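Residues per chain are reported as follows:
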There are 2 protein chains.
Amino acid sequence: MTIDRQTLRWNGWGLVTQENPYPDGAAQWIFIRDALGMKELPSTPAKRFTDISLPKSRLDAEAISRLKEICGNNQVRDDDYERAFHARGKSYHDLLYVRAGKLEIAPDAAVYPRSPEEVEQVMTFCLKHKVALVPFGGGSSVVGGVTAESGSLERAVITLDMTLMNRVLKIDKKSMTATVQAGIYGPHLEKALQEHGVTLGHYPQSFQFSTLGGWIAARGAGQQSNRYGKAEKWLVAAKLVTPKGVWQTEDYPASAAGPNMNQIVAGSEGTLGVICEATVKIHEVPQVKDYRGYLFKDFKSGARAVRAINHADVPVAMVRLSDAPETFFFQAAGSSSGGGLKAKLQGAYLKMKGLDAPCLMLIGLEGDKETVAYARQRTAAIAQKHGATAIGASAGRKWFHGRFDGPHIRDPLMDRGIGVDTLETSTHWANILPLHEKVSAAITKAMTENVPETGQRGIVMGHISHSYPDGASLYFTYIFPRKLEDEAGQWLAIKRAASDAILEGGGTISHHHGVGTDHAPWLVEEKGARGVGALQALKKEFDPEGLLNPGKLLG
Amino acid sequence: MTIDRQTLRWNGWGLVTQENPYPDGAAQWIFIRDALGMKELPSTPAKRFTDISLPKSRLDAEAISRLKEICGNNQVRDDDYERAFHARGKSYHDLLYVRAGKLEIAPDAAVYPRSPEEVEQVMTFCLKHKVALVPFGGGSSVVGGVTAESGSLERAVITLDMTLMNRVLKIDKKSMTATVQAGIYGPHLEKALQEHGVTLGHYPQSFQFSTLGGWIAARGAGQQSNRYGKAEKWLVAAKLVTPKGVWQTEDYPASAAGPNMNQIVAGSEGTLGVICEATVKIHEVPQVKDYRGYLFKDFKSGARAVRAINHADVPVAMVRLSDAPETFFFQAAGSSSGGGLKAKLQGAYLKMKGLDAPCLMLIGLEGDKETVAYARQRTAAIAQKHGATAIGASAGRKWFHGRFDGPHIRDPLMDRGIGVDTLETSTHWANILPLHEKVSAAITKAMTENVPETGQRGIVMGHISHSYPDGASLYFTYIFPRKLEDEAGQWLAIKRAASDAILEGGGTISHHHGVGTDHAPWLVEEKGARGVGALQALKKEFDPEGLLNPGKLLG
């Protein structure tokens, strides 16, 4: 395994050895407690692994033996740790279950294939024995994308852990494409590419613990998607193993030979086949990276600047605009690496008289020297035209340094009676401000209605982090006191309110997390009967037995 | 009708009143005759309309009457002119049939719906009476995309001429999108948009005589696709009428809610539904357009420069690199507007000693002043680095002025015993030069083997006109003496040789013309069994009766 499962948290984010960024006694805990209106922060630790038990595996000795014949002894695991590790993804909702040791849903075995041929043989085994198959990369889904559901009470479930299939097969520096096995983790992929002077440039917040195949399956976005594109943009071709056999998609730039099959693979979430290999667009490692901050008097003027940057075709890597609550929270709560930002922000406040609620924009530029110099000049001019105050490169550096830190804070929060979740959408520019307001309000209302004690409250903050000529994403983070007696109900009430508001407000149910189980109830409204009919027809074509990743995407 | 069908050539390109760019006696005829090794140019005029006859319409009076109830009397046409006009598209292959008056394949009526509701009612009529339905915009397909095939001998065929559905429904200048009825012709669309200061920027060579819906159906490309994108890139959402009902696709920027249905619509070629409306990305009308020429010592160094421009993220609108034969032909044969270019080219030759076969590159820049100034400086530097000689803006202006002229030359050529056809592919950069060579050789060989008389020959010339970070298109034009006793056989022999060479050589069967009937035999190899299975599943889902555009895409 490229990352030993024993070194990873089976019931939280990241490495077992990860330090708590806000240890007991840190000023941040006081701030958060007060912000949520809590009198104290209760101790709500997760169950220890030794205190949990799993249901008996539905795979008998003969089945395990056959799987070991296919993949080798060491690659078939039915011990409790492996089954618990692969039971679910990493959403707040998932963690409610795994932290409480509720593992009624767990795979009957985790199997680690080493080649597409082994995947084919496991698929044949599953078809023959009517066993469900859940493809699994880093397992970092936050929408229930890897939950080990059987889709039927009688059926066993195998989770197919793809992380042994982690080789870079080919780098073509003329065409700037690389062909890579899909189970490769982010850091391993970038190390292998950058040794050759190239990069995929796909750095989601989950980068350290997610895989190429997962990024494609979920139509994921990296933080620098303005430059490098979302998965559906950088995917050139894919090799999948489906119940109908191997599916090698076409590999041509901008073909007009009918619909492009790669656009069906991106977002297929393991429901049509197991993504084994992908050819992806790569770039030269950028000569220069330039990240810097600007403050806007409000979200509206900031959003206009993001829009203007997109409409002027300026080659940016990232434009990230926090709303006022996020800017305030970022400043006040700080982050593991955000110390110096506070002073910067305060200094800027002094210069900007009459601002109640400034909004922070971070602009990231990557590329060759000429590109970055040109983009820096143009973005600065556009920001200034929209009333921004430049606060320099240190804010950008701080963000860049801590860009994968967000998820590490969740486990300590959950240990202290605090829930935190995120969700995202996208919409057209004409609708960005109303949708931002509507979703913020819906989440706030649902949190207020679902606090454990009167006087408590939740906090919602948002940002634009991916932008396009026709619109942008909106990403929301919300923090709330956990209602310990009905945590799943509390989560669902908030999630449902947010999702209803998104659809009613003209947004998509997901910009880059995918559908999984959590968003499936909203997919019919989003795609319409014809769209869902098309997806069902594809499902029936590739997986008529409903073997693959039951319950995801189409519900 | 936005363009009265009586003013258009039913059996050729463009307006009836279009003047022959090379009238009898023009020097170009001598040049072409000699280049093809022909002793003289025979007179091979098309049959006059009054000399042809069509098979009896398979629609009876009751059917016509019902259709008139739906769409209005004037919108249902079963006269011979309308049936002949709508019989086929505008490929060389099509013209062999229509110019000879071979109209066994022709629609039984042309129906002009005025709204999606009328399309629905016509669809219901066709379902009820088992009548095939062929969607038709400008009818400019060059791959057999609108041939009025019934798909079964017994069945009547209605061609659905969409050109009365030609209104711009909405322009959103914040989101930079426009929602437009699909039957609108290029010039009408651009006029309506540019009155509001915006443009789609989609200018294929067929621009004057093709429609929005056709561009989407065929995954078409405009000449400035580097800036404005192919149809699959600028399509935001679509409304189709399918045999299963109305299909409104999702309308979100970069959603991760499963595969994007718009990518199934683009390239669907009227086989899944009739595209009635589309929301498309628009841009501000560019402040500046800058087109200029460069000469390279060979195709290889020019191709490297195109690649470098793409890899450096330079915001170009167009980069067009002619191979040596095309550069020579362009220079020697001139064009209706290319007079001054010859001297320019010759002057440049003098400066570039030792060049046998120079290649012309045209770089087009469009956008705001800053973008164009930046791109001009960077493209000039990259061209120079790759050994180019700049020949200034006049070459660019000449090309721009004559950019829609190519197809107008075909009718006079065909009148003089000369055939001309074009085809295109795309491939990765690593494969561009081998594929260019392989396809040129295959076309040359097939032309040589199929000339009417020994000593005659064909000419093939090529260019790159659409480029991407991972690869580029290759477009071939080939001219040959017509083998009058077996014209279809001659055409097919060349087409087959070229198509086989493309697939064997790692190219796609089409970069922007689509599949239609002509490329359908190569689609299985290109998409593979799984890919074709996916397309067939979609066809079965939307059109289980096989009503829509029989024989196209899937054959």
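Before any of the text, the structure's been laid out above.
Residues numbered from 1 in each chain as written. Chains lettered and ligands numbered in written order. Predicted model: local features only at pLDDT ≥ 70, side-chain atom pairs only at ≥ 80, totals over all residues. Heavy atoms only, no water.

## A few points about the overall build of chain A
Then, in step 1: Of the regular secondary structure elements, chain A holds 19 helices and 18 strands.
Then, in step 2: Considered along the principal axes of its C-alpha atoms, chain A spans approximately 75 × 60 × 45 Å.
Then, in step 3: A total of 555 residues make up chain A; the buried ones form 65% of that total.
Then, in step 4: Carbon and sulfur atoms form 51% of the exposed surface of chain A, whose accessible area is close to 19600 Å².
Then, in step 5: In chain A, 64 side chains carry a positive charge and 60 a negative one; their mean positions are 5 Å apart. (Helix = DSSP H or I, 4+ residues; strand = E, 2+ residues; numbered from the N terminus. Buried < 20%, exposed > 50% of the residue type's maximum accessible area, 1.4 Å probe, protein only. Areas by Shrake-Rupley, 256 points an atom, 1.4 Å probe, with all protein chains shown as cover. Lys, Arg positive; Asp, Glu negative; His and termini not counted. Charge placed at Lys NZ, Arg CZ, Asp CG, Glu CD.)

## Quick word on the packing of aromatic side chains
Then, in step 1: The tally for this structure, following the rule as stated, stands at 37 aromatic pairs over all chains.
Then, in step 2: Residues Tyr 374 of chain A and Tyr 374 of chain B carry aromatic rings whose centres are separated by 3.6 Å and whose planes lie at 0° to one another, so their mutual orientation is stacked. With one member in each of two chains, Tyr 374 of chain A in helix H14 (residues 369–385) and Tyr 374 of chain B in helix H14 (residues 369–385) form a pair that bridges those chains. Pair check on accessibility: Tyr 374 of chain A and Tyr 374 of chain B agree, each one buried. (Phe/Tyr/Trp six-rings, centres within 6.5 Å; stacked < 30°, edge-to-face > 60°.)

## A closer look at the sheet that holds strand S10 (residues 274–281) of chain A
Residue and element names in this part refer to chain A.
Then, in step 1: Pairing is antiparallel in the open sheet, where five strands are placed in the order S5-S6-S10-S8-S9. Since the sheet does not close on itself, it has two edges, and those belong to strand S5 (168–172) and strand S9 (245–248), each with one partner. Direction aside, the axes of adjacent strands within the sheet are offset by 10° on average.
Then, in step 2: For strand S8 (residues 235–242) and S10, the ladder comprises six bridges, and the chain directions are antiparallel. Each residue of the ladder has a partner; that of Ala 237, found in S10, is Thr 279.
Then, in step 3: In this fold helix H6 (residues 186–194) packs onto S5 and strand S6 (177–181), with an angle of close to 40° to the strand it touches most, S5. (Pairing = 2+ DSSP bridges. Axes fitted to C-alpha atoms, helices over the stretch in contact; angles between N-to-C directions. Contact = heavy atoms within 4.5 Å.)

## As for unusual backbone geometry
Then, in step 1: You will see that Lys 130 of chain A, though not glycine, has its phi angle at about 55°, which is positive.
Then, in step 2: Mapped onto the elements of the fold, Lys 130 of chain A is located in the loop between helix H5 (116–129) and strand S3 (132–136).
Then, in step 3: For Lys 130 of chain A, a relative accessible area of 55% gives the class exposed.
Then, in step 4: For Glu 269 of chain B, which is not a glycine, the phi torsion comes out positive at approximately 55°.
Then, in step 5: Secondary-structure assignment places Glu 269 of chain B in the loop between helix H10 (262–265) and strand S10 (274–281).

## Re helix H1 (residues 27–35) of chain B
Residues and elements named next belong to chain B.
Then, in step 1: Listed in full, the buried residues belonging to H1 are Gln 28, Trp 29, Ile 32 and Ala 35. All buried residues of H1 lie within an arc of 135° about the axis, which places them on one face of the element.
Then, in step 2: Positive phi appears at Gly 37, one or two residues downstream of H1, with a value of about 70°. (Arc of directions from axis to C-beta.)

## Remarks on the nonpolar core
Then, in step 1: Leu 212, Ile 443 and Ile 464 of chain A together with Leu 212, Ile 443 and Ile 464 of chain B are the most contacted members of the largest nonpolar core, which totals 223 residues.
Then, in step 2: With eight residues, the top contributor of residues to this core is helix H17 (residues 429–449) of chain A.
Then, in step 3: Each residue touching Ile 443 of chain A, except ones within four places of it in the same chain, is listed here: Leu 423, Val 460, Phe 476, Tyr 478, Ile 494 and Ala 498 of chain A. (Core = buried A, V, L, I, M, F, W, Y, C linked by side-chain atoms within 4.5 Å.)

## Description of the environment of Asn 226 of chain B
All names here are of chain B.
Then, in step 1: Looking at the secondary structure, you find Asn 226 in helix H8 (residues 225–228).
Then, in step 2: Overall, Asn 226 belongs to the buried group, its relative accessible area being 19%.
Then, in step 3: Sequence separation between Asn 226 and His 512 is 286 residues; the distance between their C-alpha atoms is 14 Å.
Then, in step 4: Residue contacts for Asn 226: discarding those within four places in its chain leaves Asn 310, Val 316, Ala 317, Met 318, Val 319, His 466 and Ser 467.
Then, in step 5: Engagement of the side chain of Asn 226 in a polar contact is seen with the side chain of Ser 467, the distance being 3.2 Å. (Polar contact = N/O pair within 3.5 Å; in protein donor to acceptor, adjacent residues only side chain to side chain.)

## Some words on the relation of the copies chain A and chain B
Between the two copies of the chain lies a relationship made up of a rotation around an axis and a movement along it.
Then, in step 1: The transform that puts chain A on chain B rotates by 180° and translates by 0.0 Å along the axis, for an RMSD of 0.0 Å. Here the transformation between the copies is reduced to the relation of a two-fold axis. Looking at the rotation axis and the C-alpha trace of chain A, the residue lying nearest is Ala 537 of chain A, at 2.9 Å.
Then, in step 2: By residue overlap, the copies meet face to face through one surface: 100% of the interface positions of chain A are interface positions in chain B. (Least-squares fit on C-alpha atoms with pLDDT ≥ 70 in both.)

## Here we look at the interface of chain A and chain B
Then, in step 1: Taken residue by residue, the interface counts 80 residues in chain A and 80 residues in chain B.
Then, in step 2: In total, chain A and chain B occlude about 6100 Å² of area from one another, counting both sides; carbon and sulfur atoms represent 59% of this.
Then, in step 3: For the chain A face of the interface with chain B, the top three residues by lost area are Tyr 252, Pro 253 and Arg 530 of chain A, together amounting to 12%.
Then, in step 4: At the junction of chain A with chain B, the criterion picks out eight salt bridges.
Then, in step 5: In this structure, the salt-bridge partner of Arg 378 of chain A is Asp 368 of chain B, at a minimum N-O distance of 2.9 Å.
Then, in step 6: Across the contact surface, chain A and chain B share 37 residue pairs in polar contact (both at pLDDT 80 or more).
Then, in step 7: At twelve residues, helix H19 (residues 520–542) of chain A tops the list of elements feeding residues into the side of chain A that touches chain B. (Buried area = accessible area lost by both parts, 1.4 Å probe. Salt bridge = Lys/Arg side-chain N within 4 Å of Asp/Glu carboxyl O.)

## What to know about the pattern of salt bridges
Residues and elements named next belong to chain A.
Then, in step 1: A complete count under the given rule lists 58 salt bridges over all chains for this structure.
Then, in step 2: Arg 66 is paired through a salt bridge with Glu 69; the nearest N and O atoms lie 3.0 Å apart. On the criterion of helical spacing, the pair formed by Arg 66 and Glu 69 is a turn pair, its members being three residues apart in helix H2 (residues 61–71).
Then, in step 3: With a relative accessible area of 32%, Arg 66 lands in the partly exposed category.

## What to know about the sheet that holds strand S4 (residues 157–161) of chain A
Residue and element names in this part refer to chain A.
Then, in step 1: Pairing is mixed across the open sheet formed by four strands, whose spatial order is S1-S2-S4-S3. Of all strands in the sheet, those bounded by a partner on one side alone are strand S1 (76–77) and S3.
Then, in step 2: For S1 and strand S2 (residues 109–111), the ladder comprises two bridges, and the chain directions are antiparallel. Paired with Val 76 across the bridge in S2 is Val 111.
Then, in step 3: Together, S2, S3 and S4 form the strand contacts of H5, whose direction differs from that of S4 by roughly 175°.

## Things to note about the layout of surface pockets
Then, in step 1: Looking at the second largest pocket, its volume works out to about 710 Å³.
Then, in step 2: Taken together, 27 residues form the lining of the second largest pocket, with Glu 284 and Asp 368 of chain A together with Ala 308, His 311 and Ala 312 of chain B sitting closest to its centre.
Then, in step 3: At the level of elements, strand S11 (283–284) and H14 of chain A together with helix H11 (299–311) and H14 of chain B are the ones that each hand at least two residues to the lining of the second largest pocket. (1 Å grid on protein atoms, 1.4 Å probe; cavity = no way out; pocket = protein on both sides within 12 Å on 5 of 7 lines; lining within 4 Å. Points joined across faces, edges and corners; volume = space filled by probe spheres on them.)

## Description of the pairing of strand S13 (residues 318–322) of chain A
Residues and elements named next belong to chain A.
Then, in step 1: Of all five residues in S13, five are buried; the element is thus mostly enclosed.
Then, in step 2: Two strands pair when backbone bridges link them, and S13 and strand S14 (residues 359–367) are joined in this way by four bridges, in the antiparallel orientation. Looking at the pairing, Val 319 lines up with Ile 363 of S14.
Then, in step 3: In the sheet, S13 pairs with strand S17 (residues 459–464) via two bridges, with the strands oriented antiparallel. Residue pairing in the sheet places Ser 322 in a bridge with His 463 of S17.

## Observations regarding the side chain of Asp 323 of chain B
Residues and elements named next belong to chain B.
Then, in step 1: The topology assignment puts Asp 323 in the loop between strand S13 (318–322) and helix H12 (324–333).
Then, in step 2: Salt bridges are absent for the buried Asp 323, whose nearest opposite-charge side chain, Arg 320, sits at 9.5 Å.
Then, in step 3: Here the side chain of Asp 323 touches Glu 326 through a polar contact of 2.9 Å, landing on its backbone nitrogen.
Then, in step 4: Polar contacts involving the side chain of Asp 323 include one to the main-chain amide nitrogen of Gly 462, which spans 2.8 Å.
Then, in step 5: The contact partners of Asp 323, leaving out residues within four places of it in the chain, are Phe 299, Cys 359, His 436, Met 461, Gly 462 and His 463.

Purely geometric stuff here, so don't read any function into it on its own.
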